[in-house]
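Close look at the chain arrangement
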Amino acid sequence: MNSDYINLALADDDEDDRLFFTEAFEELKVRSNVSLFKDGIELMNYLDDSNNAIPNLLFLDLNMPKKSGLECLKEIKASQRFKDMAIAIYSTSASEEDIENTFVIGANVYIKKPNDFEKLKKVLSEVVTTNWQYHTSGLNKENFLLRL
Amino acid sequence: MPTPSSRYLRTAFVAGLFVILCIGGYTYQHINELSKASKVVKDNYSLRSELELVISNLKDAEIGHRGYLLTHDSLFLAPYEESLQKISNNLVNLDTLIVPNSEQVDKLKDLNNDIQKRFKNFSNSFARVKDSEVLTKDLLYLLHEGEIQMDTIRSDISEMLDLEQRLLVQNQEISQGKIGLTPLLFYGLLILTLVILLLAYIKMTTDLKALKESNTELEISEKLTKQSEIVSNTSTWVWYMEENEFEFSDNLYRLLGEEPHSFEPTLINFYKFVHEEDLTNLGHRVNLMMKEGELPFTSFRVVHKDGTIKHLKAYSKLMDETDGEKKIFGVTVDATNEVENYRIIEQRNQELERTNKELSAFNYVASHDLQEPLRKIQTFMSRLEAKEKDHISESGQIYIQRMKSASARMRMLIEDLLQYSRTNTSEKEYLKTNMNLLLEHAKTELIDSIEEKRAKIICDDLPTMEVISFQIQQLFINIISNSLKYSKEDVPPVIEITHEEVLSRDVKQIKNSLYKYHHKITFKDNGIGFEQPYAEKIFLLFNRLHGKSEYSGTGIGLAICKKIVENHKGVIVAEGEPNKGATFNIYLPFLK
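In this text the structure is predicted, and so the values were computed from the model without any measurement.

This brings us to the overall build of chain B. Counting its regular elements, chain B contains 15 helices and twelve strands. Within the span of chain B, comprising 592 residues, buried residues form 21% of the whole.

Moving on, we come to the overall build of chain A. On a plain count of helices and strands, chain A comes out with six helices and five strands. Along its sequence from the N terminus, chain A presents helices and strands in the succession β-α-β-α-β-α-β-α-β-α-α. When each of the 148 residues of chain A is scored for burial, the buried share is 30%. Put simply, 71% of the contacts in chain A that link residues at least 6 apart link residues at least 24 apart.

Residues and elements named next belong to chain A. Pairing is parallel in the open sheet, where five strands are placed in the order E2-E1-E3-E4-E5. Each edge of the sheet is formed by a strand with only one pairing partner; in this case those strands are strand E2 (32–37) and strand E5 (109–112). On average, each strand axis in the sheet is inclined to that of its neighbour by 20°, with strand direction left out of account. Summarising the sheet, strand E1 (residues 6–11) and strand E3 (residues 57–60) pair through four bridges and their orientation is parallel. Across the sheet, the residue bridging to Leu 8 is Leu 57, located in E3.

A few words on helix H9 (residues 336–369) of chain B. Between the first and last C-alpha of H9 of chain B there are 48 Å, a value that for 34 residues agrees with the 50 Å anticipated at 1.5 Å per step. By the criterion of burial, H9 of chain B is predominantly exposed, with just one of the 34 residues buried.

Before going further, it helps to examine the environment of Phe 59 of chain A. Residues and elements named next belong to chain A. For Phe 59, the location among the structural elements is in strand E3. Separated by 50 residues in sequence, Phe 59 and Ala 9 place their C-alpha atoms 6.0 Å apart. Among all residues touching Phe 59, those that are not within four sequence positions of it are Ala 9, Leu 10, Ala 88 and Tyr 90.

Contacts between the two partners involve eleven residues from chain A and, on the opposite side, twelve residues from chain B. Within the residue set of the side of chain A that touches chain B, elements represented by two or more residues are helix H1 (15–28) and helix H5 (117–129) of chain A. For the side of chain A that touches chain B, the per-class residue count stands at two nonpolar, five polar and four charged.

The next point concerns the nonpolar core. Judged by nonpolar contacts, the single largest core of 37 residues is most densely connected at Ile 472, Phe 476 and Cys 561 of chain B. Of all elements in the fold, only helix H12 (435–445), strand E8 (464–467), helix H14 (469–485), strand E9 (494–503), strand E10 (517–525), helix H15 (557–567), strand E11 (571–577) and strand E12 (581–590) of chain B reach the threshold of two or more residues within this core. Residues Ala 9, Ala 88, Val 123 and Leu 124 of chain A belong to the second largest nonpolar core, which totals 32 residues.

Time to look at the pairing of strand E5 (residues 326–334) of chain B. Residues and elements named next belong to chain B. Bridge count between strand E1 (residues 234–240) and E5: seven bridges; the pairing is antiparallel. From the neighbouring strand, Val 238 faces E5, where its bridge partner is Phe 329. By the bridge criterion, nine bridges tie strand E4 (residues 309–320) to E5 in an arrangement that is antiparallel. Paired with Ser 316 across the two strands is Gly 330, which belongs to E5.

Turning to the confidence of the model for chain B, a few remarks are in order. Atomic detail in the predicted coordinates should be set aside for any region of low pLDDT. Of the residues in chain B, 95% reach a pLDDT of 70 or more, and the chain-wide mean stands at 85. With pTM at 0.51, the complex prediction returns an ipTM value of 0.80.

Take the environment of Glu 325 of chain B next. All names here are of chain B. Mapping Glu 325 onto the fold places it in the loop between E4 and E5. Classification of Glu 325 by C-beta neighbours within 10 Å gives exposed; the count is 12. For the pair formed by Glu 325 and Tyr 240, sequence separation is 85 residues and the distance between their alpha carbons is 7.6 Å. Filtering out sequence-adjacent residues up to four positions away, Glu 325 remains in contact with Tyr 240 and Glu 242.

Let us look at the packing of H9 of chain B against helix H11 (residues 394–422) of chain B. Residue and element names in this part refer to chain B. At their nearest, the axes of H9 and H11 sit 10 Å apart, and the two run at 155° to each other. In terms of orientation, H9 and H11 fall into the roughly antiparallel class. Where H9 crosses over H11, the two elements pack in a sense that is left-handed. When H9 is examined against H11, the residues Leu 359, Asn 363, Ala 366 and Ser 367 are found in contact with a partner set consisting of Ile 414, Leu 417, Leu 418 and Ser 421. Its residues assigned to classes, the contact of H9 with H11 comprises five nonpolar, three polar and no charged.

Attention now moves to the pairing of E2 of chain A. Residues and elements named next belong to chain A. Summarising the sheet, E1 and E2 pair through six bridges and their orientation is parallel. Each residue of the ladder has a partner; that of Leu 8, found in E2, is Val 34. Following the chain from E1 across H1 to the adjacent parallel E2, one finds a crossover that is right-handed.

All names here are of chain B. Strand order in the open sheet formed by five strands is E2-E1-E5-E4-E3, and the pairing between neighbours is antiparallel. Both outer strands of the open sheet, strand E2 (245–248) and strand E3 (294–303), are each paired with one neighbouring strand and no more. Geometrically, the sheet is characterised by an average inter-axis angle of 20° between neighbouring strands, direction not taken into account. By the bridge criterion, eight bridges tie E3 to E4 in an arrangement that is antiparallel. Across the sheet, Val 303 pairs through a bridge with Ile 309, a residue of E4.

At Lys 66 of chain A, a position not held by glycine, the phi torsion is positive, near 65°. Topologically, Lys 66 of chain A is positioned in the loop between E3 and helix H3 (69–78). Phi at Asn 579 of chain B is positive, roughly 65°, even though this residue is not glycine. Structurally, Asn 579 of chain B can be placed in the loop between E11 and E12.

What counts and what doesn't
- Residues numbered from 1 in each chain as written.
- Chains lettered and ligands numbered in written order.
- Predicted model: local features only at pLDDT ≥ 70, side-chain atom pairs only at ≥ 80, totals over all residues.
- Helix = DSSP H or I, 4+ residues; strand = E, 2+ residues; numbered from the N terminus.
- Buried ≥ 20, exposed ≤ 12 C-beta atoms within 10 Å, placed from the backbone.
- Contact = placed C-beta atoms within 7 Å.
- Pairing = 2+ DSSP bridges.
- Axes fitted to C-alpha atoms, helices over the stretch in contact; angles between N-to-C directions.
- Expected span 1.5 Å × (residues − 1).
- Nonpolar A, V, L, I, M, F, W, Y, C, P; charged D, E, K, R; others polar.
- Core = buried A, V, L, I, M, F, W, Y, C linked by C-beta atoms within 7 Å.
- pLDDT = per-residue confidence, 0-100.
- Parallel < 35°, antiparallel > 145°, perpendicular 65-115°, else oblique.
- Left-handed = near helix turned anticlockwise from the far one by under 90°.
- Right-handed = clockwise from strand over helix to strand, strands pointing away.

Here is the structure:
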């Protein structure tokens with residue numbers, strides 16, 4: 001495996017959002033492997049298979065059928081295997097309740113899906129280039145919701 | 001405890017009785033005294049006449065004696081003998097009459113002796129007469145002696161009479177002294193008795209009057225109680241524990257749907273009306289009341305004969321009367337309305353809860369589901385604009401611009417609506433918050449447009465208040481952004497924020513507030529202002545004074561402001577003058 005490549009995963013039931021996501025990374029020219037999952041079950045099946053490489057960064061939609069993003073987040077955080085995997089919540093809504101919950105469980109950042117493609121690119125590039133291992137120590141609730 | 005008035009009466013009665021007894025006793029004694037005195041007088045007179053009789057009889061004897069001496073005729077001896085007999089009788093009578101007096105007794109003895117001597121003289125002279133028929137020296141001597149003896153007897157008798165006279169006078173003086181004060185004393189005692197009687201009478205009449213008055217009051221209060229029981233659907237009852245007897249007020253019968261006193265007031269008859277499901281519990285409570293003397297608030301249902309079900313509530317307490325009789329006083333209230341109202345309120349609460357749930361479901365739909373397609377439309381448009389720009393005609397590009405601004409407006413509407421509904425949120429946490437801090441946050445939030453418009457914000461020091469902080473921050477944001485939005489094109493906006501404490505009664509809009517003081521926070525700008533008649537309209541939802549193309553806006557911002565202020569029990573008032581500016585006064589109540 002080439003260590004220059006960053007392993008990214010996105011779990012989102014919305015086809016359009018998956019399209020925007022991949023197109024954004026294509027245009028960003030970040031050397032990345034993007035794995036896409038249609039729902040929480042598919043994501044967890046992939047992660048639980050120890051043959052698969054653990055992504056460096058997981059983008060997690062909250063509102064998904066079968067298994068919600070919040071359930072996935074709880075399961076992931078319960079396992080030591082994924083302690084080095086950074087998790088970005090990637091959701092349409094930015095309700096206080098969702099932000100609070102995901103922060104408490106241990107997500108690294110909360111992204112509200114932008115309504116402009118250029119903004120999306122900007123946000124994603126920001127998240128990808130952040131060193132989350134280092135950043136974790138300075139994590140607080142005020143900057144948990146990513147604002148650009 | 002006897003009442004004071006009955007004690008007075010008793011005292012008066014005892015005193016009166018005592019005085020009357022005194023008078024009786026004294027009268028008896030006095031009459032006794034009088035009769036004694038009159039007996040003394042009578043005795044005195046008898047004595048006198050007896051003494052007179054002695055003299056006269058002696059004279060008769062002497063006449064007889066002389067006659068015999070002169071004639072020697074025994075005819076004269078008969079009255080002489082008779083007189084002698086009478087005198088001895090007189091002496092016996094005298095002896096009984098003078099018993100009480102020793103001096104008189106002595107004198108009587110002297111008299112007796114003298115009379116005996118005279119009698120001796122008589123018999124001696126008779127003896128001489130038999131010897132010779134002429135007067136002898138002896139006989140003459142005897143006649144002289146008889147004359148002298150007669151004088152002695154007369155003086156004896158007059159002495160006795162004198163003494164008796166003295167005794168009589170003495171006696172009269174004594175009884176006079178005793179009797180002299182009596183009428184005055186009688187009179188005094190009589191007056192005293194009369195006064196006591198009069199006082200008792202006055203006391204009794206006033207007591208009777210007071211009794212009458214309190215009786216009238218009692219009657220009035222009883223009537224009032226009956227009336228108020230009917231009006232307020234309450235009733236009372238008394239349970240005499242010893243006799244196990246009940247007394248129901250009229251309205252208790254009515255509460256059971258019956259005419260007053262239409263059945264015997266007993267527990268068993270009462271139980272006949274109690275709803276069978278409540279019978280066990282009520283019976284248990286009543287048994288407990290019999291033991292502990294108190295019935296705590298107990299609710300139960302009764303069924304009228306016509307089937308109506310009423311909810312009653314009873315309470316009672318033991319009253320220990322001074323007469324030692326144990327009574328339980330109870331109150332039974334018709335709580336049907338209360339129960340029904342409670343049920344209605346509960347129903348409404350449930351409805352409200354359901355509505356609130358629906359509302360929050362709507363919030364979610366608005367925030368998530370509506371925003372998602374909109375976001376995609378916008379993203380796709382930005383893709384179209386960036387990627388396919390070269391392939392779209394000029395007019396096509398204008399359409400794209402129009403679509404973009406339309407969707408941007410839709411987003412704004414959705415967000416504002418969400419904000420508006422969020423001000424309804426039930427979680428209202430009032431915390432002491434420094435308002436300066438909230439204003440700073442608001443300014444930070446608006447920093448872009450403030451800088452863009454080169455706006456100047458001058459503000460007073462604001463107080464610390466108990467508020468829902470995120471709402472007040474939103475309020476500040478909305479008012480400031482409103483001022484920024486409606487600023488004059490060529491004049492940099494100046495917003496002055498001032499604060500003062502005001503007395504509620506001094507301000508028209510909050511005159512009737514329940515709070516005495518209000519904080520008044522004023523936002524004054526130099527923008528385009530508005531005409532005063534619109535001052536209230538601008539706070540209505542979706543209400544706008546300008547066309548969408550002139551000023552962007554949803555007509556929700558100020559509606560949110562009003563709602564937030566109302567959440568804080570305050571009032572927001574706008575004043576405007578076209579081309580001069582607008583002023584927003586926020587009045588928030590507080591306690592000193």
